[in-house]
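# Coordinates in review
Residues per chain are reported as follows:
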Amino acid sequence: MKEKPVYSVVAPIYNEEGNIDLLYKRMVTVMDSTGEPWELILVNDGSRDRSPEMINELAAREPRIKVVHFARNFGHQTAVTAGIDHAAGEAVILIDADLQDPPELILDMIERWKAGFQVVYAVREKRIGESWFKLFTAKLFYRVIYRITDVDIPVDTGDFRLMDRKVVDVLVRMREHNRFIRGMTSWAGFRQTGVTYVREARHSGETKYPLSKMVRFAMDAITSFSYFPLQIMVYVSGALGLLALLAIPLVAVLRLMLGEGFFGGQATTIVLLLLMSSFQLFFLFILGQYVARTYDETRNRPLYVIADKRGFEDAAAASPPIDEAAPIPEGVSDGRQPFG
Ligand code: UDP
Ligand code: MG
């Protein structure tokens, strides 16, 4: 029987072959200095480079390293979720594998945790080595989210954080498909605090978040925690209605005074029609975003599919390859179809 870890560190891995060795080295130094048992859970999110073999090798020679291999790429937030589902520690630490989040900061987080906080998130004071576009969109994103969501999501914080077992147990119960983990942690509540750090450049490789993934991520974040985009429709509709109410008598009077030619011609009508159609389609799109996500939930597919696991106790390794954390009540069919 292995010693039960106090700390579980979770790192998602998507084509990170250039970072794994250094991540492991720095993690061992930091975590050993706590003097308490720990585990490092590496979730391979369908990597196509040498990452899978590298982490298997690590798991083979180091019992504190555990590995989960996804059957394909499921995305960063899902990989983190699988790590959380598999964590056994009293405190779970989420960290990126590219060393943009310095492992040394974990010691500060642990200190705050021992002082009685259940969530310690890392606030980026400064970011080094990122494009102005990423800096600008990130800054904008965090501020928009902060303003329009119903939970207090601290600005400039990523997923780099420590969470107490109490919070982890709440997250494990939240099986929503479009996941915004930092929002879900804020939603859970408890005593939360931040520690600041300077976000370094990536140690090796390129960002795995192209613009398309960033947009999708932002949409997930907003739709998961805010109805604001739906509510602005009523304001726009009110404003346009008011405009019409004022315009009708105004146009009538002007016509009487200036004659038939006033406001004649199709051009005005066509321009207005295009403008209004654009408005309407835009709001239809927003509505569609919520409807599609509702559909995602109703299908009730598992969040991820596991191809292989290394380093866990036998019982866990033999379990089915879907997210076990969502138990199906006995005697109830979950209606899951193959390829459904
Ligand atoms: N990642 C992942 N699956 C993905 C994309 C990213 O597991 O589909 C991992 C990646 O390996 C890294 C972390 O998520 O450990 C953060 O990704 P990245 O550094 O590319 O994001 P950025 O820091 O540029 O926002
Ligand atoms: Mg990164």
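Just above sits the structure.
This section reports on the structure supplied with the text.

### Quick word on the pattern of salt bridges
- On inspection of all chains with the given rule, the structure shows 18 salt bridges.
- A salt bridge links Arg26 to Glu104; the shortest N-O distance between them is 2.9 Å. Separated by 78 residues along the polypeptide, Arg26 in helix 1 (residues 20-32) and Glu104 in the loop between strand 4 (91-94) and helix 4 (105-114) bring together distant segments of the chain.
- Looking at Arg26, the relative accessible area reads 26%, which means it is partly exposed.
- Of the residues examined, Glu104 reaches a relative accessible area of 36% and is grouped as partly exposed.
- Asp169 is the salt-bridge partner of Arg165, the closest N and O atoms lying 3.1 Å from each other. You can see Arg165 and its partner Asp169 sitting in helix 6 (residues 165-173), four residues apart, about one turn around the helix.
- Residue class for Arg165 comes out buried when judged on its relative accessible area of 18%.

### Notes on the coordination of the magnesium ion (ligand 2)
- Coordination of the magnesium ion (ligand 2) by the protein is provided by Asp98 (OD) and Gln100 (OE1), with metal-donor distances spanning 1.9 to 2.0 Å. Each of the two residues, Asp98 as well as Gln100, counts as buried.

### Points about helix 10 (residues 266-299)
- With 34 residues, helix 10 should cover 50 Å at 1.5 Å per step; its first-to-last C-alpha distance of 47 Å lies within 8% of that length.
- Looking only at helix 10, the buried set comprises Phe283, Ile286, Gln289, Tyr290, Arg293 and Asp296.
- Looking at the buried side of helix 10, the elements it contacts are helix 8 (211-225) and helix 9 (228-258).
- One or two steps after helix 10, the chain reaches Asn300, where phi turns positive at roughly 55°.

### Examining the site of ligand 1
- In the vicinity of ligand 1 there are 19 residues, among which Glu16, Asp98, Gln100, Thr207 and Lys208 approach most closely.
- The separation between an oxygen atom of ligand 1 and a polar side-chain atom of Asp98 is 2.6 Å.
- Here ligand 1 loses 96% of its free accessible area of 530 Å² to cover by the protein chains.
- In terms of residue class, the shell around ligand 1 is made up of five nonpolar, five polar and nine charged.

### Some thoughts on a nonpolar patch on the surface
- Where nonpolar side chains cluster on the molecular surface, the patch consists of Trp132, Phe133, Phe136, Leu140, Val144, Leu211 and Val215 and spans about 720 Å² of accessible area.
- Those elements that provide at least two residues to the nonpolar patch are helix 5 (132-148) and helix 8.
- In terms of residue count, helix 5 provides more of the nonpolar patch than any other element does, five residues in total.

### Some remarks on helix 6
- Within helix 6, burial applies to Arg165, Val167, Val168, Leu171 and Val172. Burial along helix 6 is one-sided: seen end-on, the buried residues are contained in an arc of 155°.
- Contacts from the buried residues of helix 6 go to helix 3 (76-86), strand 4, strand 5 (119-127), strand 6 (157-164) and helix 7 (181-188).
- Backbone nitrogen of Lys166 and a side-chain oxygen of the N-cap are separated by 2.9 Å at the start of helix 6; the cap is Asp164.

### Let's talk about the nonpolar core
- Among the nonpolar cores identified, the biggest contains 41 residues, and Phe70, Ile84, Leu94, Phe141 and Phe180 are the most heavily contacted of them.
- Ile84 has contacts with Val10, Leu94, Met163, Val168, Leu171 and Val172, leaving out every residue within four places of it along the chain.
- Leu40, Leu105, Ala122 and Phe160 belong to the second-largest nonpolar core, a separate cluster that totals 38 residues.

### Considerations on the environment of Leu303
- Along the chain, the position of Leu303 falls in the loop between helix 10 and strand 8 (306-310).
- In sequence terms Leu303 and Glu176 are 127 residues apart; their C-alpha atoms lie 8.2 Å from each other.

### Some words on the packing of aromatic side chains
- Per the stated rule, a full pass over the model turns up 14 aromatic pairs.
- Ring centres of Phe141 and Phe180 lie 6.2 Å apart, and the angle between their planes is 85°; on these two criteria the pair is classed as edge-to-face. With Phe141 in helix 5 and Phe180 in the loop between helix 6 and helix 7, this residue pair connects regions lying 39 residues apart in the sequence.
- Classification of Phe141 by relative accessible area gives buried; the value is 15%.
- An aromatic cluster is defined as three or more aromatic residues linked by ring pairs; in this entry it consists of Phe141, Tyr142, Phe180, Tyr209, Phe217 and Phe225.
- Over the ring of Phe74 we find Arg72; its NZ or CZ atom is 3.8 Å from the centre of that ring.
- Just above the ring of Phe312 sits the side chain of Lys309; from NZ or CZ to the centre is 5.8 Å.

### Considering the sheet that holds strand 4
- Reading across the sheet, the eight strands line up as 7-5-6-4-1-2-3-8 and stay open at both edges, with mixed pairing between neighbours. The sheet terminates laterally at strand 7 (192-199) and strand 8, the two strands that pair on one side only. Each adjacent strand pair in this sheet contributes to an overall mean axis angle of 20°, direction not counted.
- Pairing between strand 5 and strand 7: eight bridges, direction parallel. From the neighbouring strand, Arg127 faces strand 7, where its bridge partner is Arg199.
- Contacts from helix 5 reach strand 5 and strand 6 within the one sheet, and its direction differs from that of strand 5 by about 140°.

Reading the values: rules and limits
Residues numbered from 1 in each chain as written. Chains lettered and ligands numbered in written order. Predicted model: local features only at pLDDT ≥ 70, side-chain atom pairs only at ≥ 80, totals over all residues. Heavy atoms only, no water. Salt bridge = Lys/Arg side-chain N within 4 Å of Asp/Glu carboxyl O. Helix = DSSP H or I, 4+ residues; strand = E, 2+ residues; numbered from the N terminus. Buried < 20%, exposed > 50% of the residue type's maximum accessible area, 1.4 Å probe, protein only. Donors = N, O, S within 2.8 Å, 3.2 Å for Na, K, Ca; no water. Expected span 1.5 Å × (residues − 1). Contact = heavy atoms within 4.5 Å. Near = heavy atom within 4 Å. Polar contact = N/O pair within 3.5 Å; in protein donor to acceptor, adjacent residues only side chain to side chain. Areas by Shrake-Rupley, 256 points an atom, 1.4 Å probe, with all protein chains shown as cover. Nonpolar A, V, L, I, M, F, W, Y, C, P; charged D, E, K, R; others polar. Patch = residues over 30% accessible without salt bridge, like charges linked within 9 Å, V, L, I, M, F, W, Y side chains within 5 Å. Arc of directions from axis to C-beta. Core = buried A, V, L, I, M, F, W, Y, C linked by side-chain atoms within 4.5 Å. Phe/Tyr/Trp six-rings, centres within 6.5 Å; stacked < 30°, edge-to-face > 60°. Lys NZ or Arg CZ within 6 Å of the ring centre and 35° of its normal. Pairing = 2+ DSSP bridges. Axes fitted to C-alpha atoms, helices over the stretch in contact; angles between N-to-C directions.

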